[in-house]
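Descriptive analysis of the structure
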Amino acid sequence: MKKPKPVYFIPIMILLILLILFGRTFGVLFIAANIVFIFLITFLLKSYKKTMKKPRLYIGRSLIVVYGLFLLSFIAVESYLIVESEKSKVIDASEVDVMIILGAGLKGETPSKTLVSRLEAGKAVLDGNKELPVVVSGGQGEGEEIPEAEAMGRYLMENGISGDRIIYEKTSTTTYENLRNSMEVLRQQEMEDPKVLIVTSDYHVVRAEMIAAELGIDTVGHSGISPFVVRVNYFIREYFAIGKMMLDKVLTT
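In this text, all values refer to a predicted model and were calculated from it rather than measured experimentally.

**Focus: the sheet that holds strand β1 (residues 98-102)**
The five strands lie next to each other as β5-β4-β1-β6-β7, forming an open sheet whose pairing is parallel. Two strands lie at the open edges of the sheet, namely β5 (166-169) and β7 (218-224), each paired on one side alone. The mean inter-strand angle of the sheet, taken between neighbouring strand axes irrespective of direction, is 25°. Both β1 and strand β4 (residues 134-137) contribute to a ladder of four bridges, which runs parallel. Residue pairing across strands places M99 opposite V134, the latter belonging to β4. Strands in contact with helix α4 (residues 113-128) are β1, β4, β6 (195-201) and β7; relative to β1, the strand with the most contacts, it is inclined by about 170°. Lying on the sheet, helix α7 (residues 205-214) is in contact with β1, β6 and β7; it crosses β7 at an angle near 165°.

In structure tokens:
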């Protein structure tokens, strides 16, 4: 019985190092799935050469086609996400009527780093547009001692934004609810069909705009800058989130 070649252990070692450094993040699991898929294709093609059993060749070639199509779609979607996220960092807010900052988790009562990046991006725009109102949107999730919106409003006021400019939406738990519920709050404030500046993370801005379009909201997306590791992990996740969103739309039409 032949011993496995040392080269086969290299991907395993890489995965172990990534797991130790980053844990079971979406990015690490994505890399693991790709390695498994490539090894499966390699195994089938090598097995065919040894046994000359046609089904293994057909399956191996079919998987190559499937994997190739997946890579092409992945590259296309990720390229679009990156381009749009960069464009969303520089915007003209002079023509918008209201800002909505989307929640992104708390640690107790303290905004997460991701949420702080959104709040800072929003604050920079609010500082330059003194009459622009802002909706802080986010309910209370697991491990959070107060609604995200409450912590967000507190952060903005502590950093120089007047409390009379802040509108609270404290019930949402998803992006869809963030936008839907925020628009309902704005209607209660007698603000009908406003042009909305959505502030979120760079990796999330495209999907937020897609959801806003489904809700019939006239929007401009603006994003904060996420740390590199967070960006890599969540940009990968967004490919699958957008894919699911598009599939759901096809199945429901």
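**Examining the confidence of the model for the protein**
Averaged over all residues, the pLDDT of the protein is 89; the fraction at 70 or higher stands at 91%. Confidence, read as mean pLDDT per element, is least for helix α1 (residues 9-22) in the protein (65) and greatest for β4 (98).

**Overview of α7**
Every buried residue of α7 is accounted for by V205, V206, R207, A208, I211 and A212. On its buried side, α7 packs onto α3 (54-87), β1, α6 (175-188), β6, β7 and α8 (228-251). Backbone geometry just downstream of α7 places G216 in the positive-phi region, at approximately 75°.

What counts as what
- Residues numbered from 1 in each chain as written.
- Predicted model: local features only at pLDDT ≥ 70, side-chain atom pairs only at ≥ 80, totals over all residues.
- Heavy atoms only, no water.
- Pairing = 2+ DSSP bridges.
- Helix = DSSP H or I, 4+ residues; strand = E, 2+ residues; numbered from the N terminus.
- Axes fitted to C-alpha atoms, helices over the stretch in contact; angles between N-to-C directions.
- Contact = heavy atoms within 4.5 Å.
- pLDDT = per-residue confidence, 0-100.
- Buried < 20%, exposed > 50% of the residue type's maximum accessible area, 1.4 Å probe, protein only.

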